[in-house]
Amino acid sequence: MKKVLFVQHTDIMGGSLKGGLDMIRILRDASELTVFVPNAKEVRLAFPEVSKVHFVSEELGTPPTFDYFNGCNSVFRLLLKYILLLVKNGSRWKTYFATHQQDCVVLNTSVLWPLRKVIQNTGAECYCYVRETLKGSKNSLLNKMIRKELSKCDKAFFLSEYDKDSWDLSCACQCIIPEIVCDPNIEDIPMDGVEAASGFRFLILYMGGIQKLKGADLLIEALYQLRERGIQDIGVICLGNTGLEPFSLKKKSLYREQYRYCAYCNNMIKHYKLSEAFRRIGYRKDVYRWLNKCDLVAFPVREVHQARPVYEAGICKKTIIVPNYENYRESVIDGYNGLCFVPGDARNLADRILELYVDRKKLNNLGENNYKMACKNHLFESIKGRAQEIILR
């Protein structure tokens with residue numbers, strides 16, 4: 001069997017970690033697998049299904065990342081982060097690769113591209129799972145540099161045809177490995193957040209946290225507009241960062257935009273008197289239980305972003321509302337398995353929510369169709385074999 005090192009750059013509960021755990025499950029029985037993930041001990045405790053996999057020592061530290069993608073921080077801050085990680089941990093990773101021979105190394109994100117040259121210099125093949133959406137023009141100076149490095153990888157994997165076409169790499173082997181969702185087998189049990197929102201007849205699940213890229217302010221504004229129209233029984237369950245987390249002086253300086261955005265959203269919620277209607281729960285690993293308790297999923301991102309909530313909603317037979325961006329057209333057919341709204345338009349988002357609020361039959365039909373599409377294109381068992389063949393052949 002191939003000796004494979006799988007590198008996951010973050011332990012934050014989001015699309016990258018969820019996708020990374022799915023890839024570990026795919027590779028663990030078909031290869032001699034070693035995994036790096038920050039805070040591996042906590043990850044193994046939280047996800048028993050990967051607890052028996054061999055993990056690299058956390059003493060290596062997070063590898064140098066260059067976090068340039070749609071929705072990233074300013075170039076100055078991402079460059080500063082890269083330099084700090086390179087100085088702190090770069091030599092450790094170089095030594096590790098030199099002393100632990102692998103057949104191939106799978107980087108679970110495009111932001112790990114700085115490791116490509118170090119990996120290939122040891123004789124190992126380097127594969128990159130390009131999970132991020134391209135930021136701006138592919139011909140910008142930074143994107144040209146990043147695309148040149150990614151094109152030197154032995155294999156590149158993408159979540160969709162849209163991403164593959166957008167990045168336009170030149171490496172010989174480029175394949176689509178879609179996002180994976182699992183049949184949740186949900187038990188109908190009560191939970192604190194949903195119980196607290198039980199006074200609302202219609203619940204919307206939003207899985208973006210208080211982040212500008214994910215469009216939290218658009219959903220807050222849409223909720224307010226619905227209440228202005230006399231509709232008081234729609235509530236939102238918000239998973240992800242709450243916007244109430246404390247910011248140290250260091251974090252305020254490094255993440256100034258995020259700090260200001262959290263303050264902006266907090267002021268909106270307070271001004272509109274939506275603290276009960278917009279319930280912030282925090283990060284949760286088992287989103288399927290929350291999906292099962294809600295009527296609708298909203299993902300009002302402000303820029304092109306990956307579509308994992310579409311599939312997670314689908315496997316739970318829930319309808320989703322997304323902006324009418326080109327990348328969602330592979331997974332959301334407006335009026336068939338979800339609804340689309342004008343990007344950045346809170347009033348149009350409110351209109352689309354209202355459309356489903358008043359027509360439960362349509363809401364259920366769209367959810368059933370979303371389930372069919374998720375089962376057809378994103379179930380673990382249907383992707384496992386092909387993914388193993390692509391990565392391990």
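Now for a look at the structure at hand. Here the structure is a predicted model, which means the values were calculated and not measured. (Residues numbered from 1 in each chain as written. Predicted model: local features only at pLDDT ≥ 70, side-chain atom pairs only at ≥ 80, totals over all residues. Heavy atoms only, no water.)

Attention now goes to the nonpolar core. Formed by 68 residues in total, the largest nonpolar core has its most connected members in Leu205, Ile234, Phe278, Leu291 and Ile353. Looking at this core element by element, the count peaks at seven residues for helix H8 (residues 216–228). One finds Val37, Cys104, Tyr129 and Ile177 within the second-largest nonpolar core, a separate group that totals 34 residues. (Core = buried A, V, L, I, M, F, W, Y, C linked by side-chain atoms within 4.5 Å. Buried < 20%, exposed > 50% of the residue type's maximum accessible area, 1.4 Å probe, protein only. Helix = DSSP H or I, 4+ residues; strand = E, 2+ residues; numbered from the N terminus.)

As enumerated under the stated definition, the model contains 13 aromatic pairs in all. Between the aromatic rings of phenylalanine 66 and tyrosine 82, the centroid separation amounts to 5.9 Å while the plane-to-plane angle is 80 degrees, which identifies the pairing as edge-to-face. Highlighted residues: phenylalanine 66 in the loop between strand S3 (54–55) and helix H3 (75–99) and tyrosine 82 in helix H3, separated in sequence by 16 residues. Assessed through its relative accessible area of 5%, phenylalanine 66 is described here as buried. An aromatic cluster of at least three residues, connected via ring pairs, comprises Phe36, Trp93, Tyr96 and Phe97. In this arrangement the basic side chain of arginine 25 is found over the ring face of phenylalanine 380, its NZ or CZ atom lying 4.1 Å from the centre. Across from the ring centre of phenylalanine 247, 5.0 Å away, lies the NZ or CZ of lysine 251, which sits over that ring. (Phe/Tyr/Trp six-rings, centres within 6.5 Å; stacked < 30°, edge-to-face > 60°. Lys NZ or Arg CZ within 6 Å of the ring centre and 35° of its normal.)

Together, Glu32, Asp103, Glu125 and Asp154 make up a negatively charged patch on the protein surface. Relative to the assigned elements, aspartate 103 resides in the loop between H3 and strand S4 (104–107). (Patch = residues over 30% accessible without salt bridge, like charges linked within 9 Å, V, L, I, M, F, W, Y side chains within 5 Å. Areas by Shrake-Rupley, 256 points an atom, 1.4 Å probe, with all protein chains shown as cover. Salt bridge = Lys/Arg side-chain N within 4 Å of Asp/Glu carboxyl O. Lys, Arg positive; Asp, Glu negative; His and termini not counted. Charge placed at Lys NZ, Arg CZ, Asp CG, Glu CD.)

Tallied over the entire structure, the rule returns three cavities of 30 Å³ or more. Broken down by class, the residue content of the lining of the largest cavity amounts to four nonpolar, four polar and two charged. Taken as a whole, the second largest cavity holds about 50 Å³ of empty space. Looking at the second largest cavity, the residues that line it are Val310, Tyr311, Glu330, Ser331, Asn337, Asn370, Met373, Ala374, Asn377 and His378. Contributions of two or more residues to the lining of the second largest cavity are made by helix H12 (308–315) and helix H14 (360–378). A total of five residues in the lining of the second largest cavity trace back to one element, the largest contributor, which is H14. (1 Å grid on protein atoms, 1.4 Å probe; cavity = no way out; pocket = protein on both sides within 12 Å on 5 of 7 lines; lining within 4 Å. Points joined across faces, edges and corners; volume = space filled by probe spheres on them. Nonpolar A, V, L, I, M, F, W, Y, C, P; charged D, E, K, R; others polar.)

As a further point, take the packing of helix H1 (residues 15–27) against helix H15 (residues 380–392). Relative placement of two packed helices is described by the angle separating their axes and the distance separating the axes. At a minimum axis distance of 9 Å, the contact between H1 and H15 shows a crossing angle of 75 degrees. Taken together, the axis directions place H1 and H15 in an arrangement best described as roughly perpendicular. Residues Asp22, Met23, Arg25, Ile26 and Leu27 of H1 touch H15, and the partners they reach there are Phe380, Lys384, Ala387, Gln388, Ile391 and Leu392. Taken together, the residues of the contact of H1 with H15 sort by class into seven nonpolar, one polar and three charged. (Axes fitted to C-alpha atoms, helices over the stretch in contact; angles between N-to-C directions. Parallel < 35°, antiparallel > 145°, perpendicular 65-115°, else oblique. Contact = heavy atoms within 4.5 Å.)

What follows is about the environment of threonine 10. When you line up the elements, threonine 10 lands in the loop between strand S1 (3–7) and H1. According to the relative accessible area criterion, threonine 10 is buried, its value standing at 16%. Here threonine 10 is in contact with Ser16, Leu17, Val37 and Pro38, once residues within four sequence places are set aside. A polar side-chain atom of threonine 10 sits 3.0 Å from the main-chain amide nitrogen of isoleucine 12. (Polar contact = N/O pair within 3.5 Å; in protein donor to acceptor, adjacent residues only side chain to side chain.)

Before going further, it helps to examine the pattern of salt bridges. Summed over the entire model, instances satisfying the criterion amount to 21 salt bridges. Here lysine 18 ties to glutamate 312 by a salt bridge, and the two come within 3.1 Å at their closest N and O atoms. With lysine 18 in helix H1 and glutamate 312 in helix H12, this pair connects stretches of sequence that are 294 residues apart. The residues lysine 18 and glutamate 312 share a single accessibility class, namely buried. Salt-bridge contacts for lysine 81 lead to aspartate 67; the nearest nitrogen and oxygen are separated by 2.7 Å. One end of the pair, lysine 81, is in helix H3; the other, aspartate 67, is in the loop between S3 and H3, and 14 residues separate them in sequence. Owing to a relative accessible area of 34%, lysine 81 belongs among the partly exposed residues under this scheme. When salt bridges with common partners are traced through the structure, they connect Lys18, Asp22, Arg25, Arg131, Glu179, Arg308 and Glu312 into a single cluster.

Look at glutamate 312 and you get buried, because its relative accessible area is 3%. Separated by 79 residues in the primary sequence, glutamate 312 and aspartate 233 have C-alpha atoms spaced 25 Å apart. Glutamate 312 has contacts with Lys18, Val181, Met207, Val287, Tyr288 and Leu291, leaving out every residue within four places of it along the chain. Side chain to side chain, glutamate 312 and arginine 308 meet in a polar contact 2.9 Å long.

Bringing the sheet that holds strand S8 (residues 202–206) into the picture now. The sheet built from six strands is open, its strands ordered S10-S9-S8-S11-S12-S13 with parallel pairing. The open sheet is flanked by strand S10 (278–282) and strand S13 (338–341), the only strands paired with a single partner. Sheet twist, expressed as the mean angle between neighbouring strand axes with direction ignored, is 25 degrees. The pairing of strand S11 (residues 296–298) with strand S12 (residues 319–323) spans three bridges and is parallel. Within S12, the residue paired with valine 297 across the bridge is isoleucine 320. (Pairing = 2+ DSSP bridges.)

Moving on to H1. Residues spaced three or four apart along an α-helix face the same direction, because each turn holds 3.6 residues. Counted at 1.5 Å a residue, the expected span for H1 with its 13 residues is 18 Å, and the 18 Å between its end C-alpha atoms agrees. Taken together, the buried positions of H1 are occupied by Ser16, Leu17, Lys18, Gly19, Gly20, Leu21, Asp22, Met23, Ile24, Arg25, Ile26 and Leu27. (Expected span 1.5 Å × (residues − 1).)

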